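Now for the letters of each chain:
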Amino acid sequence: MKETTKLTQLGRDPEANFGVVNMPVYHASTIVWPNLEHFEQLKRDFLTGEKIISYGLHGTPTQFSLEAALAELEGGYDCRLFSTGLAANIISLMTYIKAGDHVLVSDSIYGPVRGFCSSWLPRFGVTADFYDPMIGEGIKAMVKEETRVVLVESPGSITFEVQDIPAIAKVAKENGAVVIMDNTWGTPLNFKPFEHGVNVSVQALTKYVIGHSDAMLGAVTCDEEYWPQLKKAASEFGQHAAPDDTYLAQRGLRTMDVRLKRHEQNAYQLAEYLQTVPEVETILHPGLPGCPGHEIWQRDFTGACGLFSITLKSVSREGVAAMVDDMKLFGFGASWGGYESLICVYDENTPRTVTKWPSEKWVIRLHAGLEDVDDLIADLEAGFERMRIHK
Ligand SMILES: *Cc1c(COP(=O)(O)O)cnc(C)c1O
């Protein structure tokens, strides 16, 4: 089966559900057991790491079916859903570390993950060092005997550095460290983490899988070696994916391929227009030359999505405000992956420790939605006109 076909087939079973096309939504906390023998068998099965229906927390067919679909699409062994993408990131990190360990974290990592590493890891006696996302095999020099985890995110979701994951994964493996990747930008369609040496792949399903800006969910897919620990930790940390939100993610999955292609195409057309705008200094889009790691993206990825950034030449705060405050189609907001276009503003105070901010000041992140691209370009054009008045 080709991948686009898989998106329509995986994780549903009409025959087992009275012919109903989609996987039903089970709402459950209590599961009642028929007898003592069944209960005793459940307890034995639970210890084997098998997925069983024993209590709402651990999942029902609603969650299991999406987990199986995601694991297959990513090419991993198995998958567990989490309440949010952030929870998926944090608990996957916590799963593989203990007091005395050291972790390496990309300087371009998703901000709240960076915040967690800085504020919480020291409390547990774990040290973290940030590294340049473009480090590649040079990461060897930063690995310590106690390095247990390398966190990668490729590309970074504000500054878009594409990481040399195979090179980093090779060094990590030689030193017995786990590679945990945030694969939200790539999605399982455009980047295959397990073919590139990743052990644990995290996705914010909140973005392109759900795709409609109306629910939050995360997922962690592991290779066989790292799966049992993750599965156990997810339940021990009390993680549960809400059934209705899981249903929305299942539904989003069916159309993700066509949506992504349109997001991708609109983003390239916006980028083409932005190249003609005098205020634009650089375009940080992995699919375009000029983005750090563009060649790596060409080698390792099969496509792009709708999210990229631009940096601006010396523009005043008033100029930026005049643009973003009055956009008609681009909403001013964080998150991304929904059907609608978004604009977000970052400046040089965005936390970084070992790499330079790519601009003197402003980085504007754009999410190309599914609107007609001519309307989007007109909205940006009008925005730059307003910006010019306040130069
Ligand atoms: C949004 C995002 C997350 C967090 O996902 P939530 O579901 O919003 O918690 C993690 N990583 C990346 C790259 C993101 O963009």
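Student: Hey, could you go over the sheet that holds strand S11 (residues 342-346) for me, with residue numbers and the actual values?
Tutor: The mixed open sheet is built from 5 strands, whose spatial order is S8-S9-S12-S11-S10. Of all strands in the sheet, those with a lone pairing partner are strand S8 (280-284) and strand S10 (331-332), marking the two edges. Across 5 bridges, the pairing between S11 and strand S12 (residues 363-367) is antiparallel. In the strand pairing of S12, Val 345 is matched with Ile 364. Running at roughly 165 degrees to S11, helix H11 (residues 317-324) makes contact with strand S9 (307-312), S10, S11 and S12 of the sheet.

Student: Pulling in residues and values, what's your account of the site of the ligand?
Tutor: Close to the ligand lie 13 residues; Gly 85, Leu 86, Asp 182, Thr 206 and Lys 207 are nearest. Asp 182 is positioned with one of its side-chain polar atoms (N or O) 2.6 Å from a nitrogen atom of the ligand. Measuring from an oxygen atom of the ligand, one finds a side-chain N or O atom of Lys 207 at 2.6 Å. In isolation the ligand has 380 Å² of accessible area, and contact with the protein removes 93% of it. Looking at the shell around the ligand, its residues break down into 5 nonpolar, 5 polar and 3 charged.

Student: Residues and numbers for the side chain of Ser 235, please.
Tutor: Considering the arrangement of structural elements, one finds Ser 235 in helix H8 (residues 227-236). Ser 235 gets classed as buried once you look at its relative accessible area, which sits at 15%. If near-sequence neighbours (up to four positions away) are discounted, Ser 235 is found in contact with Leu 57, His 58 and Arg 80.

Student: Summarise the environment of Ile 168; cite the residues concerned and give the values.
Tutor: Inspection of the secondary structure puts Ile 168 in helix H6 (residues 165-174). Residue Ile 168 is classed as buried on the basis of its relative accessible area, which comes to 1%. In sequence terms Ile 168 and Val 198 are 30 residues apart; their C-alpha atoms lie 9.3 Å from each other. The residues touching Ile 168, leaving out its near neighbours within four places in the chain, are Tyr 131, Ile 135, Gly 136, Ile 139, Val 150, Val 152 and Gln 163.

Student: Which residues make up the side chain of Asp 107, and what values go with them?
Tutor: Position of Asp 107 among the secondary structure elements: in the loop between strand S2 (102-106) and helix H5 (111-119). Under the relative-accessibility criterion, Asp 107 is labelled buried at 2%. From its side chain, Asp 107 meets the backbone nitrogen of Thr 353 in a polar contact 3.0 Å long. Engagement of the side chain of Asp 107 in a polar contact is seen with the side chain of Thr 355, the distance being 2.7 Å.

Student: Describe the sheet that holds strand S5 (residues 178-182), and please don't skip the residues or the numbers.
Tutor: Across the sheet, 7 strands lie side by side as S1-S7-S6-S5-S4-S2-S3; this open sheet has mixed pairing. For this open sheet the edge positions go to strand S1 (78-82) and strand S3 (127-131), each flanked by a neighbour on one side alone. Sheet twist, expressed as the mean angle between neighbouring strand axes with direction ignored, is 20 degrees. Where strand S4 (residues 147-153) and S5 come together, 5 bridges link them in parallel fashion. When the bridges of S5 are listed, Val 152 appears paired with Met 181.

Student: Can you break down the pattern of salt bridges residue by residue, with the values?
Tutor: Counted by the stated rule, this structure contains 17 salt bridges. With its nearest N and O atoms 3.0 Å apart, the salt bridge here joins Lys 51 to Asp 78. Highlighted residues: Lys 51 in the loop between helix H2 (36-47) and helix H3 (61-74) and Asp 78 in strand S1, separated in sequence by 27 residues. Classification of Lys 51 by relative accessible area gives partly exposed; the value is 24%.

Student: Can you lay out the packing of aromatic side chains for me, pointing to particular residues and giving the numbers?
Tutor: Counted according to the given criterion, the structure contains 7 aromatic pairs. On the numbers, 6.5 Å between centres and 15 degrees between planes, the contact of Phe 116 with Trp 120 is stacked. Classification of Trp 120 by relative accessible area gives partly exposed; the value is 36%. Ring geometry for Trp 120 against Phe 124: centres 6.3 Å apart, planes inclined by 25 degrees, an arrangement best described as stacked. Cluster of aromatic residues (ring-pair linked, three or more members): Phe 116, Trp 120 and Phe 124. Above the face of the Trp 120 ring, Arg 123 is positioned so that its terminal group lies 3.9 Å from the ring centre. In this structure, Lys 361 is placed above the aromatic ring of Trp 362, and the distance from its NZ or CZ to the ring centre is 5.2 Å.

Student: Can you explain the environment of Asp 78? Please cite residues and give values.
Tutor: Given the relative accessible area of 18%, Asp 78 is considered buried. Sequence separation between Asp 78 and Leu 36 is 42 residues; the distance between their C-alpha atoms is 30 Å. Residue contacts for Asp 78: discarding those within four places in its chain leaves Lys 51, Ala 71, Val 220, Thr 221, Cys 222 and Trp 227. Only 3.0 Å separates the side chain of Asp 78 from the side chain of Lys 51, close enough to count as a polar contact.

Criteria and cut-off values
- Residues numbered from 1 in each chain as written.
- Predicted model: local features only at pLDDT ≥ 70, side-chain atom pairs only at ≥ 80, totals over all residues.
- Heavy atoms only, no water.
- Pairing = 2+ DSSP bridges.
- Helix = DSSP H or I, 4+ residues; strand = E, 2+ residues; numbered from the N terminus.
- Contact = heavy atoms within 4.5 Å.
- Axes fitted to C-alpha atoms, helices over the stretch in contact; angles between N-to-C directions.
- Near = heavy atom within 4 Å.
- Polar contact = N/O pair within 3.5 Å; in protein donor to acceptor, adjacent residues only side chain to side chain.
- Areas by Shrake-Rupley, 256 points an atom, 1.4 Å probe, with all protein chains shown as cover.
- Nonpolar A, V, L, I, M, F, W, Y, C, P; charged D, E, K, R; others polar.
- Buried < 20%, exposed > 50% of the residue type's maximum accessible area, 1.4 Å probe, protein only.
- Salt bridge = Lys/Arg side-chain N within 4 Å of Asp/Glu carboxyl O.
- Phe/Tyr/Trp six-rings, centres within 6.5 Å; stacked < 30°, edge-to-face > 60°.
- Lys NZ or Arg CZ within 6 Å of the ring centre and 35° of its normal.

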